[in-house]
Amino acid sequence: DLEAGYDFPVLPAGDADHPGKIVPRGFLQLIAGTQEGVKAFGSGRLEVGNLIASPSNPLTARVMANRIWLHVFGRGIVPTADNFGVYGERPSHPELLDVLAAQFVRDGWSIKKLIRFLLMSETFQQSSQASPEAVAIDPQNRLLSHYPVRRLEGEAIRDAILATSGRLDRTLYGPSIQPYREEPKDYRKLHQGPLDGNGRRSIYIKVTRHEGSRFLDTFDFPNPTVARGNRDTTNVPAQALALLNDPFVLDQAGFWADNLIKAQAPTMESRLDSMFRTALGRLPDEAERTRFAGLAKELMSLHKAVPEKMLESREVWKDMAHAMFNLKEFTYLR
């Protein structure tokens, strides 16, 4: 775009040997909103970008506000995030979408500010327990009478495991990390990455068209060759099996066990309290504390651990950590 560019002739039927009349450079008049369009310098990309991100163009702000709402609540105000046209679904709260879009523009198109605004709302902070009246009136919870329970995305599950085990590297920026592969193929540039990704957040895992992270793919990571506004959310046996058998999950359970032993909790109850607070953000109730204490004793017998040194048994606490990773509350947001 550093040069003035040039106009190009129409090619009837695509025949380059018999060009038609010269057409001035520009882009779709529908986007410009004028009969003549907008005169462009160079390729016209700058002018298109300015039009798309213009405060006078409500569509861009609406689409972005809807996607942020989708990220926070699991369902967009317009459920078809990729289609605002006549074949898409109608918005459940059109006035709310307009208000959010206008605020988004006023705040300098700041994604962080809009996310913060939504998270501070009563709608986000309400319980996920539905009343009988709400179930009868709005069974799909489109009106958000209660918070919609939903499973975390694959990246969030992986990051939660790393954060809980103490392995998460919170460093920002830097190069991407190759995903772990059981059978790397260097001739296809499918190289081997570390099992735990060096503790890096999932956003830094390299995405390739040929073969991505198997763990993330199991939890509905979208096809990188196609743009998707709405992710598929499935609940299939392969996901439960991944949390039970995937080497990454087992490795992080062992890493967490090592950290628990280093912390030297004085009693089993205090260690269980620490594990619940770290993994679930709350303390266990008495029934949960009794059940997990019983599990620890069963594991002690299974691994033939000495009772006096049970709090130092890596095998016992690795299995305890693994059990915490497999709780539904760990992978679901409610």
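Right, let's walk through the structure included here. All figures in this text were calculated on a predicted structure; none of them were measured in a lab. Going along each chain's sequence as written, the residues are numbered from 1 onward. Whole-chain, interface and lining totals are the exception, using all residues; otherwise, since this is a predicted model, local features are given only for residues with pLDDT of at least 70 and side-chain atom pairs are given and counted only at 80 or more. The basis for the side-chain values is all heavy atoms of the structure; hydrogens and waters are excluded.

### Some thoughts on the overall build of the protein
- Counting from the N terminus, the helices are DSSP H or I runs at least four residues long and the strands are E runs at least two residues long. Across its full length, the protein holds 15 helices and 4 strands.
- The globule rule puts the C-alpha radius of gyration for 334 residues at 20 Å, and the 26 Å found for the protein is more than 25% above it.
- A principal-axis box enclosing the C-alpha atoms of the protein has dimensions of 90 × 60 × 35 Å.
- Taking contacts inside the protein between residues at least 6 apart in sequence as the whole, the part at least 24 apart equals 57%.
- Of the roughly 20600 Å² of accessible surface on the protein, 56% is carried by carbon and sulfur atoms.
- Considering the protein, the positive charge centre built from 42 side chains and the negative charge centre built from 41 side chains are found 2 Å apart. Radius of gyration: C-alpha atoms only; globule rule: 2.2 Å multiplied by the number of residues to the exponent 0.38. Throughout, a contact is declared for two residues whenever any of their heavy atoms are within 4.5 Å. All accessible areas in this document rest on Shrake-Rupley with a 1.4 Å probe, and a residue is counted as covered only by the protein chains that are shown. When charges are counted, neither His nor the chain ends are considered; positive counts come from Lys and Arg and negative counts from Asp and Glu. A charged residue contributes its charge at one atom only: NZ of Lys, CZ of Arg, CG of Asp or CD of Glu.

### Considerations on the pattern of salt bridges
- Only one rule defines a salt bridge in this text: a Lys or Arg side-chain nitrogen within 4 Å of an Asp or Glu carboxyl oxygen. Scanning the entire structure with this criterion turns up 17 salt bridges.
- Between Arg151 and Asp220 there is a salt bridge, with its nearest N and O atoms 3.2 Å apart. Pair noted here: Arg151 is in strand S3 (residues 150–151) and Asp220 is in the loop between helix H9 (214–218) and helix H10 (237–245), with a separation of 69 residues, a long-range link.
- A salt bridge links Arg214 to Glu182; the nearest nitrogen and oxygen atoms lie 3.2 Å apart. On the criterion of sequence distance, the pair formed by Arg214 in helix H9 and Glu182 in the loop between helix H8 (154–165) and H9 is long-range, its members being 32 residues apart.
- Three or more residues joined by partner-sharing salt bridges are found here, namely Glu182, Arg214 and Asp246.

### Notes on the packing of helix H11 (residues 247–263) against helix H14 (residues 314–325)
- All axes are obtained by fitting lines to C-alpha atoms, using only the stretch in contact for helices, and the reported angles, taken between N-to-C directions, cover 0 to 180 degrees. Contact geometry for H11 and H14: axes closest at 8 Å, N-to-C directions at 120°. In terms of their interaxial angle, H11 and H14 are classed as oblique. Regarding H11 and H14, the two cross each other, and that crossing is right-handed. Where H11 abuts H14, its residues Val249, Leu250, Gln252, Ala253, Gly254, Phe255, Trp256, Ala257, Asp258 and Ile261 lie against Arg314, Trp317, Lys318, Ala321, His322, Met324 and Phe325.
- Classification convention: Asp, Glu, Lys, Arg as charged; Ala, Val, Leu, Ile, Met, Phe, Trp, Tyr, Cys, Pro as nonpolar; all other residues, Gly among them, as polar. Along the lines of polarity and charge, the residues of the contact of H11 with H14 split into 11 nonpolar, 3 polar and 3 charged. In this scheme, roughly parallel covers angles under 35 degrees and roughly antiparallel covers those over 145, while 65 to 115 is roughly perpendicular and the rest are oblique. The handedness criterion is simple: a crossing whose near helix is rotated anticlockwise from the far helix by less than a right angle is left-handed, and one whose near helix is rotated clockwise is right-handed.

### Some details on helix H12 (residues 268–280)
- For H12, built from 13 residues, the straight-helix expectation of 18 Å at 1.5 Å per residue is met to within 8% by its first-to-last C-alpha distance of 18 Å.
- Only protein chains enter the accessibility calculation, which uses a 1.4 Å probe; a residue whose area is less than 20% of its type maximum is buried, one above 50% is exposed, and one in between is partly exposed. Taken residue by residue, H12 has Met268, Arg271, Leu272, Asp273, Met275, Phe276, Ala279 and Leu280 as its buried positions.
- Count one or two residues on from H12 and you reach Gly281, which has phi positive near 75°. Expected span of a helix, by definition, is 1.5 Å for each gap between consecutive residues, and there is one gap fewer than residues.

### A few points about the environment of Gly76
- Mapped onto the elements of the fold, Gly76 is located in the loop between helix H3 (58–73) and helix H4 (94–106).
- Taking the relative accessible area as the measure of exposure, Gly76 reaches 4% and is therefore buried.
- Distance from Gly76 to Asn66, taken between C-alpha atoms, is 5.5 Å for residues 10 residues apart in sequence.
- Residues in contact with Gly76, not counting those within four places in the same chain, are Asn66, Trp69 and Leu70.

### Observations regarding the side chain of Gln239
- Inspection of the secondary structure assignment puts Gln239 in helix H10.
- Pairs of N or O atoms are called polar contacts if they sit within 3.5 Å, as long as, within protein, a hydrogen donor faces a hydrogen acceptor (for residues adjacent in sequence, only side-chain-to-side-chain pairs). In this structure the side chain of Gln239 is engaged in a polar contact, spanning 2.9 Å, whose partner is the side chain of Thr234.
- Ignoring any residue separated from it by four or fewer positions in sequence, one finds Gln239 in contact with Arg151, Thr218, Phe219, Asp220 and Thr234.

### Details of H3
- For H3, which comprises 16 residues, the first-to-last C-alpha distance of 22 Å matches the rise-based estimate of 22 Å (1.5 Å per residue) to within 8%.
- Among the residues of H3, Ala61, Ala65, Asn66, Ile68, Trp69, Leu70, Val72 and Phe73 are the ones counted as buried.
- Among the structural elements, H4, helix H5 (111–119), helix H6 (122–125) and S3 are those in contact with the buried residues of H3.
- The backbone nitrogen of Leu59 has a side-chain oxygen 3.3 Å away, supplied by the residue at the start of H3, namely Asn57.
- Gly74 occupies a position one or two residues after H3 and carries a positive phi of about 85°.

### Things to note about the packing of aromatic side chains
- Aromatic pairing here means that ring centres of Phe, Tyr or Trp (its six-membered ring) are within 6.5 Å. Orientation follows from the plane angle: under 30 degrees is stacked, over 60 is edge-to-face, and everything else is tilted. The full count for this structure, using the stated rule, is 10 aromatic pairs.
- Aromatic pair Trp69 and Phe73: ring centres 4.4 Å apart, planes at 35°, arrangement tilted. Here the residue Trp69 and the residue Phe73 both occupy positions in helix H3, the gap between them amounting to 4 residues, near one helical turn. Across the pair, exposure class does not vary: Trp69 and Phe73 are buried alike.
- For the ring pair Phe215 and Phe219, a centre distance of 5.2 Å and an interplane angle of 50° mean the geometry is tilted. The pair formed by Phe215 and Phe219 is uniform in burial state, with each residue classed as buried.
- Within the aromatic cluster, the residues linked to one another by ring pairs are Trp69, Phe73, Phe124 and Tyr147.
- Here, a charge over a ring means that NZ of Lys or CZ of Arg falls within 6 Å of the ring centre while also lying within 35 degrees of the ring normal. Directly above the aromatic system of Tyr204 lies the positively charged group of Arg200, at a separation of 4.0 Å from the ring centroid.
- In this structure, Arg271 packs its charged tip against the face of Trp317, placed 4.8 Å from the ring centre.

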